[in-house]
Amino acid sequence: MEWTGARYADKPTVEGRTWIDAPPERVWAVVSDIALMPAMSRELQSVEWLDGADGPSVGARFVGHSRHEAFGEWSTTSHVIECEPDAVLAWAVEDPAAPAAIWRFRLRSRGGGTELSEWMQLGPGRSGLSVAIDTMPDKEQKIVFVRLREFERGIASTLEQIKKRAEA
């Protein structure tokens, strides 16, 4: 990732892509099973559906428990905002109207397999990162850049693990 000088209010994004030698249905089975995600993340520790949901659908909610050496431990509630089986799954973290982040998986049938992308946007709603920025406003751009690089590495790792699972 190259330096962009982005600020939190810019709603900066990061994205990764991979090609998977499996049909979208098999990739979707991995992507849409949120119980698998903690095993593919250094930060996310556990997740569970809320309100009796047992899978993704627009409006479904889940809570995620995370840990980061610099931020400590926290939990967030996410709201599924897009869900098209075998095509797209997206959720807003905390308030869907002003999310702390938005995460999205896109699946496209391509070349006898699936092109999978994972995308995320910081903000515009407040998050744990906002606290760090409040404490050191003169370092906001660096804080945002470092966090986006962490997300970029995490996305690359997650995509690699989804690929392994779907191709197995």
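Residues numbered from 1 in each chain as written. Predicted model: local features only at pLDDT ≥ 70, side-chain atom pairs only at ≥ 80, totals over all residues. Heavy atoms only, no water.

Asker: What's the story with the environment of Pro23 in this structure? I'm lost.
Answerer: Looking at the secondary structure, you find Pro23 in the loop between strand 1 (13-20) and helix 1 (24-31). Distance from Pro23 to Gly113, taken between C-alpha atoms, is 5.0 Å for residues 90 residues apart in sequence. (Helix = DSSP H or I, 4+ residues; strand = E, 2+ residues; numbered from the N terminus.)

Asker: Just to check I follow, could you spell out the sheet that holds strand 5 (residues 88-93) for this structure?
Answerer: Across the sheet, seven strands lie side by side as 1-7-6-5-4-3-2; this open sheet has antiparallel pairing. The sheet is open, and its two edges are formed by strand 1 and strand 2 (44-49), each paired on a single side. In this sheet, neighbouring strand axes are inclined to one another by 20 degrees on average, regardless of whether the strands run parallel or antiparallel. Judged from the eight bridges that link them, strand 3 (residues 61-68) and strand 4 (residues 72-84) form a sheet pairing that is antiparallel. Following the sheet pairing, Gly64 is matched in strand 4 by Thr76. Here helix 3 (residues 140-167) sits on the sheet in contact with strand 1, strand 3, strand 4, strand 6 (101-110) and strand 7 (113-122), set at roughly 20 degrees to strand 1. (Pairing = 2+ DSSP bridges. Axes fitted to C-alpha atoms, helices over the stretch in contact; angles between N-to-C directions. Contact = heavy atoms within 4.5 Å.)

Asker: Teacher, can you tell me more about the nonpolar core here?
Answerer: In globular proteins that are soluble, nonpolar side chains generally tend to be buried together. Ranked by size, the top nonpolar core spans 41 residues in total, and within it Val27, Trp103, Leu116, Met120, Leu122 and Ile162 carry the most contacts. Of all the elements, helix 3 adds the most residues to this core, at eight residues. Apart from the residues lying within four places of it in its own chain, the contact partners of Trp103 are Leu89, Ala90, Trp91, Val93, Glu118, Trp119, Met120, Phe151 and Ile155. (Core = buried A, V, L, I, M, F, W, Y, C linked by side-chain atoms within 4.5 Å. Buried < 20%, exposed > 50% of the residue type's maximum accessible area, 1.4 Å probe, protein only.)

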